[in-house]
Protein chains: 2
Amino acid sequence: NYQNYKEDKRVMPELDFDKTGGLIPAIAQDAETGEVLMLAYMNQEAFEETLACGNAVYYSRSRKKLWKKGETSGHVQKVREIRVDCDNDTVLLKVTQVGGAACHKGYKSCFYKVVENNEFKIVEKRVFDPKKVYK
Amino acid sequence: NYQNYKEDKRVMPELDFDKTGGLIPAIAQDAETGEVLMLAYMNQEAFEETLACGNAVYYSRSRKKLWKKGETSGHVQKVREIRVDCDNDTVLLKVTQVGGAACHKGYKSCFYKVVENNEFKIVEKRVFDPKKVYK
């Protein structure tokens, strides 16, 4: 677990958090379908927590603290694989999204809008009604 | 084309470039396979150029200028669909990658490394030898 991990002081893969002021983008992708679910940000601690606990942990830029996705709703993202890019400054998580929806607006993916004729057009259906889930 | 587009002065979909100092992340995903190819950044101009020309145009943070991906190599990304996320601060491009490789290191995807046992492990094969392509 995380405590053991920290005590082990094993060498972490080196991600380049410095280039972007401590936060790097993390893409969550459905491990089964390949659908891109969302993009959030990680600081070093969020990345280490994700490795340690096996569920996606991000850093919330608005709340300025660690964001254990799904902690209250139970809609966690179980991490199946973690990839990093050539520059070591972006993370790709292949996940299983518990509850079926990654987006707080009730859609499976946050990318439910297509740009068409200079407009945003919603092309997906809601999995849940956010008014009923977030009370 | 872009010139017509600008002259039309049509209303652009509103992306939130301000939140992140003018640059938002753009994910490029293979339109056929769903593979995530890379993540780069766009400013307003890069987004508009992408819409106008139909190939992915990013903003290079290192070179501090527009980056028409594949302009010299011919390995452009033909944009099949553009999606935006719930917060209007991330773009997802579904693309056809000409030349078969999005990564300057010669891999199809920039995400060719998996994090395993606290190490980075290369799990993909090169499509081209970068030493031969970038002379």
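Residues numbered from 1 in each chain as written. Chains lettered and ligands numbered in written order. Predicted model: local features only at pLDDT ≥ 70, side-chain atom pairs only at ≥ 80, totals over all residues. Heavy atoms only, no water.

Another point: helix α2 (residues 44-53) of chain B. Considered for burial, the residues of α2 of chain B that qualify are Ala46, Phe47, Glu48, Glu49 and Thr50 of chain B. Looking one or two residues past α2 of chain B, glycine 54 of chain B carries a phi angle of roughly 85°, positive in sign. (Buried < 20%, exposed > 50% of the residue type's maximum accessible area, 1.4 Å probe, protein only. Helix = DSSP H or I, 4+ residues; strand = E, 2+ residues; numbered from the N terminus.)

All names here are of chain A. Summed over the entire model, instances satisfying the criterion amount to four aromatic pairs over all chains. Relative to tyrosine 112, the ring of tyrosine 107 lies with its centre 3.8 Å away and its plane at 15°, an arrangement referred to as stacked. The buried category is assigned to tyrosine 107, whose relative accessible area is 7%. (Phe/Tyr/Trp six-rings, centres within 6.5 Å; stacked < 30°, edge-to-face > 60°.)

A word on the pairing of strand β1 (residues 24-30) of chain A. Residue and element names in this part refer to chain A. Most of β1 sits out of view: seven of its seven residues are buried. Burial along β1 is two-sided: Ile24, Ala26, Ala28 and Asp30 facing one way and Pro25, Ile27 and Gln29 facing the other are all buried. Counted along the chain from β1 to the antiparallel partner strand β2 (residues 36-42), the turn is five residues long, and its residue glycine 34 has a positive phi close to 85°. Two elements, β1 and strand β6 (residues 91-97), share five bridges in a ladder whose sense is parallel. In the sheet register, isoleucine 27 faces β6, and the bridge partner there is leucine 92. (Pairing = 2+ DSSP bridges.)

Right, let's talk about unusual backbone geometry for a bit. Positive phi, normally seen in glycine, also occurs at asparagine 117 of chain A, with a value near 50°. One can find asparagine 117 of chain A in the loop between β7 (113-116) and β8 (119-122). One non-glycine residue, asparagine 88 of chain B, adopts positive backbone phi at about 55°. Relative to the helices and strands, asparagine 88 of chain B is located in the loop between β5 (77-84) and β6 (91-97).

Pairing of side chains with opposite charge becomes possible as their charged atoms draw close. In the structure shown here, the tally under the stated rule is 16 salt bridges over all chains. The residue aspartate 30 of chain A makes a salt bridge to lysine 108 of chain A at a minimum N-O spacing of 3.2 Å. Of the two residues, aspartate 30 of chain A is situated in strand β1 and lysine 108 of chain A in the loop between β6 and β7; the sequence distance between them amounts to 78 residues. Given a relative accessible area of 24%, lysine 108 of chain A falls into the partly exposed group. Two residues, glutamate 35 of chain B and lysine 108 of chain B, come together in a salt bridge whose shortest N-O distance is 3.0 Å. Residue glutamate 35 of chain B is located in the loop between β1 (24-30) and β2 (36-42), and its partner lysine 108 of chain B is located in the loop between β6 and β7 (113-116); the two are separated by 73 residues in the primary sequence. Overlapping salt bridges, with partners in common, bring together Glu81, Arg83 and Lys94 of chain A together with Glu124 of chain B in one network. (Salt bridge = Lys/Arg side-chain N within 4 Å of Asp/Glu carboxyl O.)

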